Amino acid sequence: MPGPLLEVSQLSLRFGGVAALGDLGFAVAPGTIHAIIGPNGAGKTSLLNCISGVYHPQRGTIRFDGQDVTRMPPAARTRLGIARTFQNIALFRGMSVLENLMVGRHVHQRTGTLAGGLWYGPGQREEIRERERVEEIIDFLEIQAVRKQVVHTLAYGLQKRVELGRALALDPRLLLLDEPMAGMNAEEKEDMARYILDVNQERGTTIVMIEHDMGVVMDLSDRVVVLNFGQKIADGTPDEVQQDPLVQNAYLGAA
Amino acid sequence: MDTFPKLLLRNAERFGGRAAMREKDLGIWRETSWAAYLDRVRQFSLGLVSLGLERGGKVAIIGDNRPEWIIAELAAQAAGAASVGIYQDSTLTEVGYVIDHCDAQFVVAEDQEQLDKILGMIEQLPKVKGVIYSDPRGLRRYRDPRLMSFAAIEELGRKQPAETFNRSVEQGRGEDLAMICYTSGTTGSPKGAMLSFDNLLTMAMSLHSVDERRATDEFVSFLPLAWIGEQMMSVATALAIGFTVNFPEEPETALHDIREIGPHVLFAPPRIWEGLNSQVQVKIMDTTPLKRFLFERLMSLGGFLADWFLYRPLKDRLGLSRLRSATTGGAALGPDVFKFFHTIGVPLKQIYGQTEISGISCIHRNDRIRFHTVGEPIPGTELKIGENGEILSRSPSVFIGYYKNAEATQAAMTEGFLRSGDAGYFEEGQLVVIDRIKDVLKLADGTTFSPQYIENRLKFSPYVKEAVIVGKDRPYLVALVCIDQGIAGKFAEKAKISYTTYTDLASKPEVYDLIQGEVDKVNQTLPAAARIRKFVLLYKELDADDEELTRTRKVRRVFVEERYKPIIAALYGDQRSIDVDATIKFQDGKTARVKASLAVRSMEAA
């Protein structure tokens, strides 16, 4: 049994006097899909922000593949293999789908500005190699028809897909998805669920996602962590979590 | 050279390294030479035989247009078996019906989407020995002993002696069964039309003799390969002539890929031509007044000035610069669209035919193109009008019969002629098709009239996607209209009307007013008794998945009238609106519920 890919322990995050996360811990095994659920304001996005390096927790550690990344800047974590998508789409709106994905590959490019600008030689070879990787992602997500379209002209569901593509372009080992299906219709949700499963199965990428749609969570996830008021109240398989009285209370009783 | 596999052998020898097929993959056009095409067919064929494919057997194929589709077809035929294409958007039950009815021993499916349909029915398909997929994505956890990859079959075939393949091809005869084409028809369950190599190859050559194709031509294959029309072009003609067949990256990129290829030959249903035309019209609507003025002047001016400054650049933008043979078929195309293409120098021709005659019986001739006719019989085809006004045809391309359905075969023939079920007449040697015979209406004054004629007039309006006229044995005519969401949506945008869904858009009074104007225009051209008195805008588009259209998008009148019975009843009553509570069925068998209130619009001044 290999060690966990991601290990969060005793994590605490405060904004002034408000405790966003309190003494939180869980582990994500490589190759699994992990869902984080909980009511509004439970601290889900804060947790994702701590893992990706946007927020700095006051206490606790985050280990990625055995390495302590708690104090590491976001860009360094990206190089280690952590990528994410955002609740509100974060793409270069004025650039094409292709350009957005190529930017995602930038972290892997080795030739310098000069070689890239001169284009011929190593710069060209690298560009061709990177383009090929991006084309594979375009094929994977079936967005060939919009390859050269400017992102802001695309439908919302399609933009979400492009954002997933941009994260995939980083070749992540750990993919953090913040509400990948928010605002989608039933058909788009079904497509997105299939892409997430495919990313996990075909590429072996470990996935941590925040999602509200319980049907999706129960169908896709290997494990579910439930947060309420910044505390972990349950952690287990979808079945176990559903049976948990604390969870039922948080979702139904409190209302 | 009387079979497809023999032609493939000839072409591999004659053309060798030249491109037989091209497929866009990962953004790049990738070629398969004639020699490589033959290699892959040989391997796949030998692989299937080693797994037990027999002469006279059947191989069912389902998927988008890709080289593997055609390779599987030729491989089956080389082994003395026949291919059976299945429309890729068929539902679970349709797929199961065809595979079982045609006695397929093997099924070749493109990907997970298609495989799920087959595996969902596999308990009811005991005759199937193997299910073969070409795209392994998402199949990691599939466990069925009958499941095999395309590459694994090819690998199996590589180990067999090539001699076996050549001998098997030599055994083939022109009169052998080449394929079974299932036609859903506008009524009842699908029937399998059996076509021989002779049927298909005489058709390809007859068509070629009046509408020339060359070995150096480029062709883009994007219509369903299960359809006889696409088989005629991408397989029969491509093999007989030796031109290059190009497969788009995805169905949605077809128009873009056409532009990249710049085909010499293009065969497309009206919706594609209408799509190209409306692309131009929409751009012109959005441009500056000066450019619009110039466009309109040059369009009506003609001459070399217009040719150099407008027509040629326009054709280039659409990817039609090299187009020599342009045909449309399957449904009527509006005269305005026809005129547009002829003006810019695209010699668009109408063709007419049916699956049972290997696709085509009539085509326009170069110098005699009338927009409302379907042209003249192709060489070798004898056409006449039967006593009841039915179009009858006879040619060497008339099919062998329906598979396992002698009764239907007999009903399809009369005195050696093939029935079409269409009413028509000749006008100076050119055929005019009126409508399906059983749909032709008798009006109060005794004259016959065609609902399809009126429907087509309505559909020529860019805002109308689909229209169904009802009126047989009724006091007056009414119409069920489906709006075109794209263009009606653009209208709503300009008029600052907000809407959410198709159902919502179709319920807007302003949209009703718009369509009323269009209906009124059509009514002006009709005799008083044949005018549309009332119409509704349907809350959803007609869909083949709901059995309202055939897979080639023809309206299945009986189903539509049955399904919308309450709406039609309301149209003949004095209700002002109808409450609808319906379920919509999706391709994967799931359903959704729709609740709406439809307004009934009367055409009389109230």
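Because the structure is predicted, anything quoted here is derived from the model rather than measured. (Residues numbered from 1 in each chain as written. Chains lettered and ligands numbered in written order. Predicted model: local features only at pLDDT ≥ 70, side-chain atom pairs only at ≥ 80, totals over all residues.)

A. Region of the structure containing the overall build of chain B. Tallying secondary structure elements over chain B gives 21 helices and 30 strands in all. Computed over the C-alpha atoms, the radius of gyration of chain B is 25 Å, within 12% of the 25 Å expected from 2.2 N^0.38 for a compact globule of 606 residues. Overall, chain B is about 80 × 60 × 55 Å in size when its C-alpha atoms are taken along their principal axes. In chain B, which comprises 606 residues, the proportion classed as buried is 46%. Within chain B, residue pairs in contact and separated by at least 24 positions form 64% of the contacts whose partners lie at least 6 positions apart. (Helix = DSSP H or I, 4+ residues; strand = E, 2+ residues; numbered from the N terminus. Rg over C-alpha atoms; globule rule 2.2 N^0.38 Å. Buried ≥ 20, exposed ≤ 12 C-beta atoms within 10 Å, placed from the backbone. Contact = placed C-beta atoms within 7 Å.)

B. Representation of the overall build of chain A in the model. Scanning chain A from terminus to terminus reveals ten helices and ten strands. The globule rule puts the C-alpha radius of gyration for 255 residues at 18 Å, and the 19 Å found for chain A is close to it. Dimensions along the principal axes, computed over C-alpha positions, put chain A at roughly 65 × 40 × 40 Å. Across the 255 residues in chain A, those meeting the buried criterion constitute 37%. Taking all contacts inside chain A whose residues are at least 6 apart in sequence as the whole, residues at least 24 apart take part in 66%.

C. Helix α8 (residues 197-210) of chain B, seen in detail. Residue and element names in this part refer to chain B. If you check α8, its first and last C-alpha atoms are 20 Å apart, about what 14 residues at 1.5 Å a residue would give, namely 20 Å. Along α8, the positions that sit buried rather than exposed are Phe197, Asn199, Leu200, Leu201, Thr202, Met203, Ala204, Ser206 and Leu207. In this fold, the buried residues of α8 make contact with α1 (4-15), β8 (177-183), β9 (191-196), α9 (228-241) and β15 (362-363). (Expected span 1.5 Å × (residues − 1).)

D. Fine view of the interface of chain B and chain A. At the interface, nine residues of chain B touch ten residues of chain A. Counted by class, the side of chain B that touches chain A contains one nonpolar, three polar and five charged residues. (Nonpolar A, V, L, I, M, F, W, Y, C, P; charged D, E, K, R; others polar.)

E. Structural view of the packing of α8(B) against α9(B). Residue and element names in this part refer to chain B. Relative to each other, α8 and α9 sit at 75 degrees, their axes nearing to 9 Å. By the angle between their directions, the pair α8 and α9 is classed as roughly perpendicular. Between α8 and α9, the contacting residues are Leu200, Leu201, Met203, Ala204, Met205 and His208 on the first element and Met232, Ala236, Thr237, Ala240 and Ile241 on the second. Considering only residue class, the contact of α8 with α9 consists of nine nonpolar, two polar and no charged. (Axes fitted to C-alpha atoms, helices over the stretch in contact; angles between N-to-C directions. Parallel < 35°, antiparallel > 145°, perpendicular 65-115°, else oblique.)

F. Quick peek at the confidence of the model for chain B. Confidence in the prediction of chain B, expressed as mean pLDDT, is 90, and 97% of residues score 70 or more. Predicted as a complex, the structure gets a pTM of 0.85 and an ipTM equal to 0.79. (pLDDT = per-residue confidence, 0-100.)

G. Molecular detail of the packing of helix α11 (residues 270-286) of chain B against helix α14 (residues 335-343) of chain B. All names here are of chain B. Running from amino to carboxyl end, α11 crosses α14 at an angle of 70 degrees, the nearest separation of the two axes being 10 Å. When the axis of α11 is compared with that of α14, the two are roughly perpendicular. Along this stretch, α11 crosses α14, giving a crossing that reads as left-handed. On the side of α11, the interface is formed by Trp273, Glu274 and Asn277, while α14 contributes Val337, Phe340 and Phe341. A per-class count over the contact of α11 with α14 returns four nonpolar, one polar and one charged. (Left-handed = near helix turned anticlockwise from the far one by under 90°.)

H. Geometry of the nonpolar core. Residues and elements named next belong to chain B. Core analysis: the biggest nonpolar cluster contains 122 residues, and Leu8, Val59, Ala60, Ala75, Val84, Val107 and Ile180 have the highest contact counts within it. Per-element accounting of this core gives the leading share, nine residues, to α9. Both domains that furnish three or more residues to this core are identified here as domain 1 (4-183) and domain 2 (370-434). Discounting residues that sit within four places of it in the chain, valine 59 has contacts with Leu53, Ala72, Ala76, Ala81, Ser83, Val84, Ala104, Phe106 and Val108. (Core = buried A, V, L, I, M, F, W, Y, C linked by C-beta atoms within 7 Å. Domains from an automatic or database assignment.)

I. Broad picture of the environment of Ala36(B). Residue and element names in this part refer to chain B. Structurally, the position occupied by alanine 36 is in helix α2 (residues 34-50). Taking the C-beta count within 10 Å as the criterion, alanine 36 has 17 such neighbours and is therefore assigned partly exposed. Remark: the alpha-carbon pair of alanine 36 and alanine 12, spanning 24 residues in sequence, is separated by 8.2 Å.

J. Looking closely at the pairing of strand β11 (residues 244-247) of chain B. Residues and elements named next belong to chain B. Across the two faces of β11 the burial is the same, with Thr244 and Asn246 and Val245 and Phe247 all buried. Bridging between strand β1 (residues 19-25) and β11 involves three bridges; their strand directions are parallel. Bridge pairing links methionine 21 to valine 245 in β11. Pairing between strand β10 (residues 218-220) and β11: three bridges, direction parallel. When the bridges of β11 are listed, glutamate 218 appears paired with threonine 244. Viewed along the sheet, the connection from β10 through α9 into β11 turns out right-handed. (Pairing = 2+ DSSP bridges. Right-handed = clockwise from strand over helix to strand, strands pointing away.)

K. Spatial organisation of the domain arrangement of chain A. Residues and elements named next belong to chain A. Segmenting chain A into domains produces domain 1 (1-81 + 172-255) and domain 2 (93-170). Centre-to-centre, using C-alpha coordinates, domain 1 lies 27 Å away from domain 2. Taken together, the elements giving at least two residues each to the side of domain 1 that touches domain 2 come down to α2 (74-80) and α7 (186-203). For the side of domain 1 that touches domain 2, the element with the most residues is α7, which contributes four residues. Here the side of domain 1 that touches domain 2 is composed, by residue class, of seven nonpolar, two polar and two charged.

L. Quick peek at the sheet that holds strand β9 (residues 223-228) of chain A. Residue and element names in this part refer to chain A. Here we have six strands laid out as an open sheet, ordered β6-β7-β8-β3-β9-β10, and mixed in their pairing. Strands with a single pairing partner mark the edges of an open sheet, and in this sheet they are β6 (82-84) and β10 (231-236). Geometrically, the sheet is characterised by an average inter-axis angle of 15 degrees between neighbouring strands, direction not taken into account. Bridge count between β6 and strand β7 (residues 174-178): three bridges; the pairing is parallel. Counterpart to alanine 83 in the pairing with β7 is leucine 175.

M. Expanded view of the sheet that holds strand β4 (residues 59-64) of chain A. Residue and element names in this part refer to chain A. Taken in spatial order, the four strands line up as β2-β1-β4-β5 in an open sheet, and their pairing is antiparallel. Looking at strand neighbours, the two that pair on one side only are β2 (18-28) and β5 (67-68), the edges of this open sheet. Inspection of the sheet shows β4 paired to β5 by two bridges, in the antiparallel sense. Bridging across to β5, arginine 63 finds its partner in aspartate 68. Where helix α1 (residues 44-52) meets the sheet, it contacts β1 (6-15), β2 and β4, and its direction lies at approximately 65 degrees from that of β2.

N. Quick look at the domain arrangement of chain B. Residue and element names in this part refer to chain B. As far as domains go, chain B holds domain 1 (4-183), domain 2 (370-434) and domain 3 (440-602). The C-alpha centroid of domain 3 is placed 41 Å from the C-alpha centroid of domain 1. Facing the five residues of domain 1 at the interface are five residues of domain 3. Residues belonging to the side of domain 1 that touches domain 3 are distributed by class as follows: two nonpolar, two polar and one charged.

O. Fine view of unusual backbone geometry. Positive phi is not limited to glycine here, since Asp23(A) has a value of about 50 degrees. Along the chain, Asp23(A) turns up in strand β2.

P. Representation of the pairing of strand β13 (residues 325-328) of chain B in the model. Residue and element names in this part refer to chain B. Side chains of β13 alternate between two faces, with Ser325 and Thr327 and Ala326 and Thr328 buried alike. Inspection of the sheet shows β13 paired to strand β14 (residues 348-352) by three bridges, in the parallel sense. Counted as the bridge partner of threonine 327 is lysine 349 from β14. A crossover links β13 with its parallel partner β14, the connecting element being α14, and its sense is right-handed.

Q. View of helix α3 (residues 97-105) of chain A. All names here are of chain A. Among all positions of α3, only Val97, Leu98, Asn100, Leu101, Gly104 and Arg105 are buried. For α3, the angular spread of buried residues about the axis comes to 165 degrees, placing them on one side. Residues of α3 that are buried sit in contact with α5 (122-140) and α6 (156-168). (Arc of directions from axis to C-beta.)

R. Quick peek at the environment of Leu8(B). Residue and element names in this part refer to chain B. Along the chain, the position of leucine 8 falls in helix α1. The spatial distance from the C-alpha of leucine 8 to the C-alpha of alanine 78 is 9.8 Å, given a sequence separation of 70 residues. In contact with leucine 8, other than residues within four places in its own chain, are Tyr37, Leu38, Val41, Leu74 and Leu239.

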